[in-house]
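# A look at the structure
Given next are the chains, with one letter for each unit.
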Amino acid sequence: MKNFLLLLTLSSLLLASCVKIKKSDAEYEREQWIESFADSIAFFKEKAQHLEEELDKINGKISSQLDNYEKVNNPREVTGYYLLKGWQSKLPLTSTGIYARINENEKLELLATLSGAVFNQIAVGHGVERIESDVVPHDQAFNYRHETYNTVYFSGPKADSIAEYISNHHDDKIQLQYVNGSSRKDVPIPENQRQMIHATWELYSLQLKSHELQKEYWLCNKKIEAFRRILESQQNIEKN
């Protein structure tokens, strides 16, 4: 009987010990939650490293391509711009044509000139592929007239789309349409202008990619900082 009581007491103590050791579902979920922060930190550190490597490659390409451009500072214009070498002597255009440049704020600008008529918009493509620029009203600043020709500056997403289209078709015979309300005039884009816009778009698209990667890299590091703060806070709570 004594032995039976002793065994019963030992069993009770062991059972009580197990109950104390066993973690509740809430405690288990909390541990998993805290571990997830460490996993997230590791994930974003790896992603940041990959982004940094990609940025180095892209910026290397940009640096290499910039050797083909010259910085132009025109006192008659508010900001300077980067222009493909060999083109400064051809500008400003005094006959029908189009070219591209990148301003100091790294925004692409298309400058189109039409001789013998006026316009305030340009377009490329056919049918569903047709891409139109914004309308730029005549103001003698972004849309100015001199003697027998009219020059208009285009920039922004629609101008980017036109430059990209010309770049993608730089080996094709494509038309640029000069628009002024219901008046439309189709003019073939000369090969040298297509190739010039193609080269400028390549540099510009690399710059866009660099800005995109920089933003992603910044966001990754912000997330790493946030997860580290939370993890350290939880670890301090555990210690106390």
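Procedures and definitions
Residues numbered from 1 in each chain as written. Predicted model: local features only at pLDDT ≥ 70, side-chain atom pairs only at ≥ 80, totals over all residues. Heavy atoms only, no water. Core = buried A, V, L, I, M, F, W, Y, C linked by side-chain atoms within 4.5 Å. Buried < 20%, exposed > 50% of the residue type's maximum accessible area, 1.4 Å probe, protein only. Helix = DSSP H or I, 4+ residues; strand = E, 2+ residues; numbered from the N terminus. Contact = heavy atoms within 4.5 Å. Salt bridge = Lys/Arg side-chain N within 4 Å of Asp/Glu carboxyl O. Polar contact = N/O pair within 3.5 Å; in protein donor to acceptor, adjacent residues only side chain to side chain. Pairing = 2+ DSSP bridges. Axes fitted to C-alpha atoms, helices over the stretch in contact; angles between N-to-C directions. Phe/Tyr/Trp six-rings, centres within 6.5 Å; stacked < 30°, edge-to-face > 60°. Lys NZ or Arg CZ within 6 Å of the ring centre and 35° of its normal.

### Observations concerning the nonpolar core
Ranked by internal contacts, the top residues of the largest apolar core, which has 54 residues, are L110, I122 and F154. Broken down by element, the residue count for this core peaks at eleven residues, all from helix α4 (residues 191-239). Once you skip the residues sitting within four places of it in the chain, F154 turns out to touch L108, E109, L110, A112, F119, N120, Q121, I122, S133, D134, V136 and A159.

### A word on the pattern of salt bridges
Under the criterion given, the structure shown has seven salt bridges. Across the salt bridge formed by K71 and E104, the nearest N and O atoms sit 2.9 Å from each other. Here the residue K71 occupies a position in strand β1 (residues 69-72), and E104 occupies one in the loop between β3 (97-103) and β4 (108-115), the gap between them amounting to 33 residues. In this structure, the salt-bridge partner of K209 is E212, at a minimum N-O distance of 3.8 Å.

### A closer look at the side chain of H198
Looking at the element boundaries, H198 is found in helix α4. For H198, the side chain forms a polar contact with the side chain of S167, separated by 2.7 Å. Contact partners of H198, with chain neighbours within four places excluded, come to S167 and H170.

### Thoughts on the sheet that holds strand β10 (residues 183-188)
Taken together, the four strands give an open sheet; going across it, the order is β6-β5-β9-β10, and neighbouring strands pair in antiparallel fashion. Both outer strands of the open sheet, β6 (131-132) and β10, are each paired with one neighbouring strand and no more. The sheet contact formed by strand β5 (residues 121-124) and β6 spans two bridges and is antiparallel. Note that in β6 the partner of V124 across the bridge is I131.

### Some words on the environment of L219
Residue position: L219 is located in helix α4. You can call L219 partly exposed: its relative accessible area is 36%. It is 9.1 Å that separates the C-alpha atoms of L219 and A48, two residues lying 171 residues apart in sequence.

### Brief notes about the sheet that holds β4
Pairing in this open sheet of six strands is antiparallel, and the strands run β1-β2-β3-β4-β8-β7 from one edge to the other. At either end of the open sheet lies a strand with only one pairing partner, and these are β1 and β7 (143-146). Averaged over all neighbouring strand pairs, the angle between strand axes comes to 30°, with direction disregarded. With two bridges connecting them, strand β2 (residues 81-84) and β3 associate as antiparallel partners. Directly across from Y82, in β3, lies its bridge partner I102.

### Looking at unusual backbone geometry
Residue P92 follows L91 across a cis peptide bond; omega there is -5°. Within the fold, P92 resides in the loop between β2 and β3.

### Things to note about the pairing of β10
Of the strand pairs in this sheet, strand β9 (residues 175-180) and β10 are connected by six bridges, and their pairing is antiparallel. The partner of N180 across the bridge, within β10, is S183. Counting the residues between successive antiparallel strands, the hairpin from β9 to β10 contains two residues, one of them, G181, with a positive phi of roughly 70°.

### Notes on the packing of aromatic side chains
Any aromatic ring pair is given by two values, namely how distant the centres are and how the planes are angled relative to each other. Summed over all chains, the structure comprises seven aromatic pairs. Here the aromatic rings of F119 and Y178 are separated by 4.9 Å at their centres, their planes lie at 90°, and the arrangement is edge-to-face. Of the two residues, F119 sits in the loop between β4 and β5 while Y178 sits in strand β9, which places them 59 residues apart along the sequence. Of the two residues, F119 and Y178, both sit in the buried class. On the basis of an interplanar angle of 85° and a centroid distance of 6.2 Å, the ring pair of F142 and Y153 is categorised as edge-to-face. Taken together, the positions of F142 in the loop between β6 and β7 and Y153 in strand β8 (residues 149-155) put the pair eleven residues apart, joining distant regions of the chain. With a relative accessible area of 51%, F142 lands in the exposed category. Judged by its relative accessible area of 17%, Y153 is buried. Positioned above the aromatic ring of W87, the side-chain terminus of K90 is 4.3 Å from the ring centre.

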